[in-house]
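# Architecture at a glance
One letter stands for each residue in the lines below.
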Amino acid sequence: AISTGAVSTSNVIDIFQIVAELEQQDGVSYDLRNFHGPYSIEYFYRAKPWLGVGGMFIYGNGRIKASNTSSGGMIAETKGNYVSFLPAVKLDWVRRQYFGMYSKVALGATIRNVQLTRASYSRSDEAKTTAHLNGHVTLVGMDFGSPHFRGFGELGFGEQGVLLIGLPDKICFALSAPLYNI
């Protein structure tokens, strides 16, 4: 499946890091509009009709700009790129021809490359690459459509985001097949 989400774990970590960096100063506004992704590719092998075992590859990036509310000038900016590989398990609750419901759990590693730029020259800019344990939990996911053309939406939390929309594997394989096979 391929998908995109909103508000990943890495985005939340960036927010907390820049707020901690500025020591929660008064008169600071944060521009959070420049988060992209997370974008995910996932695959599940059906070990049983109700159990899928697989993994997900996730990429995301974002930029947070902290500005002075009175002058509008930049105080600090953080830019980050994130790559995650999370082995996962998917449990189907309902599996019908045109509709399905499921949950999934994933746990793995994220590599983060973050650059912090400060407007004040009293401290130097920083760039660092780190790796950490990360995960994702889908509380409820639903797929819908025909057996050959389906979409899905999920509600959960973690590295794939809080809300997730995408196209399942049958669509991905159909789009990559030669036109005469579709």
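Quick note: structure is the one above.
Presented here is a report on the structure given in the accompanying data block.

It is worth spelling out the nonpolar core at this point. Listed in full, the 8 residues of the largest apolar core are Ile 18, Val 19, Leu 22, Val 28, Ile 64, Ala 66, Ala 76 and Leu 116. Of all the secondary structure elements, the ones that give two or more residues to this core are helix 1 (9–21) and strand 3 (51–68). Excluding anything up to four places from it in sequence, Ile 18 contacts Tyr 30, Ile 64, Ala 66, Ala 76, Glu 77 and Thr 78.

For the rest of this paragraph, the subject is helix 1. The end-to-end C-alpha separation of helix 1 is 18 Å, in line with the 18 Å expected for 13 residues at 1.5 Å each. For helix 1, the full list of buried residues reads Ser 10, Asn 11, Asp 14, Ile 18 and Val 19. Among the structural elements, strand 2 (28–48), strand 3, strand 4 (74–95), strand 5 (99–118) and strand 6 (126–145) are those in contact with the buried residues of helix 1. Remark: Glu 23 follows helix 1 within two positions and exhibits a positive phi of approximately 55 degrees.

Rules used in this analysis
Residues numbered from 1 in each chain as written. Predicted model: local features only at pLDDT ≥ 70, side-chain atom pairs only at ≥ 80, totals over all residues. Heavy atoms only, no water. Core = buried A, V, L, I, M, F, W, Y, C linked by side-chain atoms within 4.5 Å. Buried < 20%, exposed > 50% of the residue type's maximum accessible area, 1.4 Å probe, protein only. Helix = DSSP H or I, 4+ residues; strand = E, 2+ residues; numbered from the N terminus. Contact = heavy atoms within 4.5 Å. Expected span 1.5 Å × (residues − 1).

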